[in-house]
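# Report on the structure
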Amino acid sequence: VQLVESGGGLVQPGGSLRLSCAASGFTFSTYGMSWYRQAPGKERELVAAISTGGGGRNYADSVKGRFTISRDNAKNTVYLQMNSLKPEDTAVYYCNAKRISPRMEYWGKGTLVTVSS
């Protein structure tokens, strides 16, 4: 099983980035997918989640209206489009796959996003 994030980097405040998470080794379409982030000295927090078919999406209040989560089950990939980035969005972003029954959960290794001028 692998979850491989990409697309992180350094961006100026107000800029945009698109994160991707490529999944392999499990039946991607049967897992809910999420993006989490962890800033230095802080706990990991849920940023956005999307249901198996893509019809249900949830966002942290801090990113609503700026971030969009999407998935392509044909490509086994989940995305996070991040617009109007702020310095407080600086964190390592992690991809998460979760199935409720039977319960299974996988994590990627993360990709660093730095928002700074």
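As the structure is a computational prediction, the values presented were derived from the model and not from experiment.

### Let's talk about the pattern of salt bridges
Applying the stated rule across the entire model yields six salt bridges. R37 is the salt-bridge partner of D89, the closest N and O atoms lying 2.9 Å from each other. Here D89 is found in the loop between β8 (77–82) and β9 (91–99), whereas its partner R37 is found in strand β4 (residues 32–38), with 52 residues between them in sequence. For D89, the salt bridge identified is with R66, shortest N-O distance 2.7 Å. Of this pair, D89 sits in the loop between β8 and β9 while R66 sits in the loop between β6 (57–59) and β7 (67–72), and the two are 23 residues apart along the sequence. Each member of the pair, D89 as well as R66, is classed as buried. Ionic contacts of the salt-bridge type, sharing partners, join the residues R37, E45, R66 and D89 into one network.

### Details of the packing of aromatic side chains
The full count for this structure, using the stated rule, is five aromatic pairs. Between F26 and F28 the ring centres are 6.5 Å apart and the planes differ by 50°, which places this aromatic pair in the tilted class. F28 shares its class with F26; the two are buried. Of the aromatic side chains, those joined through ring pairs into one cluster are F26, F28, Y31 and Y106. The ring of Y79 has R18 lying over it, and the distance from NZ or CZ to the ring centre is 4.0 Å. Here the guanidinium or amino end of R44 rests over the ring plane of W107, the centre of that ring lying 4.7 Å away.

### Focus on the sheet that holds β7
The four strands are arranged β1-β3-β8-β7 in an open sheet whose pairing can be described as antiparallel. The open sheet has two edge strands with one neighbour each: β1 (2–6) and β7. Across the sheet, the mean angle from the axis of one strand to that of its neighbour is 15°, orientation sign disregarded. Sheet analysis places β1 next to strand β3 (residues 17–24), joined by five bridges and oriented antiparallel. By the bridge assignment, Q2 is partnered in β3 with S24.

Criteria and cut-off values
Residues numbered from 1 in each chain as written. Predicted model: local features only at pLDDT ≥ 70, side-chain atom pairs only at ≥ 80, totals over all residues. Heavy atoms only, no water. Salt bridge = Lys/Arg side-chain N within 4 Å of Asp/Glu carboxyl O. Helix = DSSP H or I, 4+ residues; strand = E, 2+ residues; numbered from the N terminus. Buried < 20%, exposed > 50% of the residue type's maximum accessible area, 1.4 Å probe, protein only. Phe/Tyr/Trp six-rings, centres within 6.5 Å; stacked < 30°, edge-to-face > 60°. Lys NZ or Arg CZ within 6 Å of the ring centre and 35° of its normal. Pairing = 2+ DSSP bridges. Axes fitted to C-alpha atoms, helices over the stretch in contact; angles between N-to-C directions.

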